[in-house]
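Examining the three-dimensional arrangement
Next come the chains, spelled out residue by residue.
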Amino acid sequence: MAKIIVVTSGKGGVGKTTSAAAIATGLALRGNKTIVIDFDVGLRNLDLVMGCERRVVYDLVNVIQGEAGLNQAMIRDKRVDNLHILPASQTRDKEALTSEGIEQVLDELVKDFDYILCDSPAGIEQGAQLAMYYADAAVVVTNPEVSSVRDSDRILGLLASKTRRAERGQDPVKEHLLITRYNPTRVDDGDMLNLEDIREILAIDLIGLIPESEAVLRSSNQGIPVTHDQSSDAGQAYTDTVSRLLGEDVPLRFHEYQKKGLFSRMFGGGRR
């Protein structure tokens, strides 16, 4: 049975689309047939992060409005055979998304895919609520700063009350916390919230901790999800995140400042 996962955040610019692409790639690399859908109508970026922007012909709104079939709009990833992307429209209004249309698309996708990731717009407007409405699980992306964590708390309220599972009295959406751009040195200096504070405020399971890393920006600019870069700390951290999402017990890494040894000082090496 397919699992629908929304990747969401209250605040923009926290690395949500990067995370959606990285997690979808990681799931597919583990042998799961996966599709990631961009719900950010008018401001689509998922196709850029996935490196398929020049291959977009039809989009999610075209499918909903009957202007194209689902198979026409889906783009197969060039690096991982069992990974697909369904882009958002760049030119339509956000009102073009309808609950009925999204439900029809998802009903078709659950027949063929193991995982359906919904890359939500930031905030609480219609696109974001539609992205989370049909979810079985949620990855709530936050940065270690007060405003981002506070806005994430608002998202948790919506997940608990404004989803199909909540309306039907079913088991609640399974909530997972993903902290991005974590820098242990800045945490120690008091410039960022520490891990314990974030977990205490949001009180949901931590599924991943992504370190502040140049590899993320480099991968996004290249259109290659950072999961493919297993030499980087961020790539390894997203792989760990996927393993936990699949139910595996993986130790948390990259949350403490590691002092450089003699070898690292002589030949280079980043902080973890």
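**Looking at the overall build of the chain**
Assigned secondary structure in the chain consists of 13 helices and eight strands. In terms of overall dimensions, the chain is globule-like: its C-alpha atoms have a radius of gyration of 18 Å, near the 19 Å expected for 272 residues. Seen along its three principal axes, the alpha-carbon backbone of the chain occupies a region of about 60 × 40 × 35 Å. Within the span of the chain, comprising 272 residues, buried residues form 54% of the whole. For the chain, the share of sequence-separated contacts (at least 6 apart) that also reach a separation of at least 24 residues comes to 75%. Put simply, the chain shows about 12700 Å² of open surface, and 44% of that area lies on carbon and sulfur atoms.

**Thoughts on the sheet that holds strand β1 (residues 3–8)**
Spatial ordering of the open sheet is given by β3-β4-β2-β5-β1-β6-β7-β8, a layout of eight strands whose pairing is mixed. The sheet terminates laterally at β3 (75–76) and β8 (205–211), the two strands that pair on one side only. Sheet topology places β1 next to strand β5 (residues 115–119); five bridges connect them, and they run parallel. By the bridge assignment for β5, I4 is matched with I116. Here helix α1 (residues 16–29) sits on the sheet in contact with β1, β2 (34–38), β4 (83–86), β5, β6 (137–142) and β7 (174–182), set at roughly 170° to β5.

**Some points on the pattern of salt bridges**
In the structure shown here, the tally under the stated rule is 12 salt bridges. Notably, a salt bridge pairs E212 with R186, separated by 3.3 Å at the nearest N-O pair. A residue pair is termed long-range when its members are at least 10 positions apart, and E212 in the loop between β8 and α11 (214–222) and R186 in helix α9 (residues 184–188) qualify at 26 residues. By relative accessible area, which is 37% here, E212 ends up partly exposed. Classification of R186 as partly exposed rests on a relative accessible area of 34%. The salt bridge partner of R253 is D240, with a shortest N-O separation of 3.0 Å.

**Considering unusual backbone geometry**
Outside of glycine, negative phi angles account for most residues, and trans bonds account for most peptide bonds. In the Ramachandran plot, R181 falls in the positive-phi region, its phi being about 55° despite a non-glycine side chain. Position of R181 among the secondary structure elements: in strand β7.

**Some points on the nonpolar core**
Counting 50 residues, the largest nonpolar core has L97, L109, I116 and L159 as the members making the most contacts within it. Of all the elements, helix α7 (residues 146–161) adds the most residues to this core, at five residues. Formed by 37 residues, the second largest nonpolar core is a distinct cluster that contains A22, V141, V216 and L245.

**Some details on the packing of α1 against helix α12 (residues 233–245)**
Two elements in contact, α1 and α12, have axes whose closest approach is 9 Å; the angle formed by their N-to-C orientations is 65°. In the crossing of α1 with α12, the sense of the turn from one axis to the other is right-handed. Contacts between α1 and α12 involve T18, S19, A22, I23, G26 and L27 on the former and, on the latter, Y238, T241, V242 and L245.

**Comments concerning the pairing of β5**
Burial runs high along β5: five of the five residues are buried. Along β5, one buried face is formed by Y115, L117 and D119 and the opposite face, lined by I116 and C118, is buried too. Pairing between β2 and β5: five bridges, direction parallel. Its bridge partner lying in β5, T34 is registered against Y115.

**Some details on the packing of α7 against helix α10 (residues 195–202)**
At a minimum axis distance of 10 Å, the contact between α7 and α10 shows a crossing angle of 30°. Compared by their axis directions, α7 and α10 come out roughly parallel. Every pair of crossing elements has a handedness; the one defined by α7 and α10 is right-handed. Of the residues in α10, those in contact with V149, S152, D153 and L156 of α7 are I198, I201 and L202. Its residues placed into classes, the contact of α7 with α10 shows five nonpolar, one polar and one charged.

Each value, and the rule that gives it
Residues numbered from 1 in each chain as written. Predicted model: local features only at pLDDT ≥ 70, side-chain atom pairs only at ≥ 80, totals over all residues. Heavy atoms only, no water. Helix = DSSP H or I, 4+ residues; strand = E, 2+ residues; numbered from the N terminus. Rg over C-alpha atoms; globule rule 2.2 N^0.38 Å. Buried < 20%, exposed > 50% of the residue type's maximum accessible area, 1.4 Å probe, protein only. Contact = heavy atoms within 4.5 Å. Areas by Shrake-Rupley, 256 points an atom, 1.4 Å probe, with all protein chains shown as cover. Pairing = 2+ DSSP bridges. Axes fitted to C-alpha atoms, helices over the stretch in contact; angles between N-to-C directions. Salt bridge = Lys/Arg side-chain N within 4 Å of Asp/Glu carboxyl O. Core = buried A, V, L, I, M, F, W, Y, C linked by side-chain atoms within 4.5 Å. Left-handed = near helix turned anticlockwise from the far one by under 90°. Parallel < 35°, antiparallel > 145°, perpendicular 65-115°, else oblique. Nonpolar A, V, L, I, M, F, W, Y, C, P; charged D, E, K, R; others polar.

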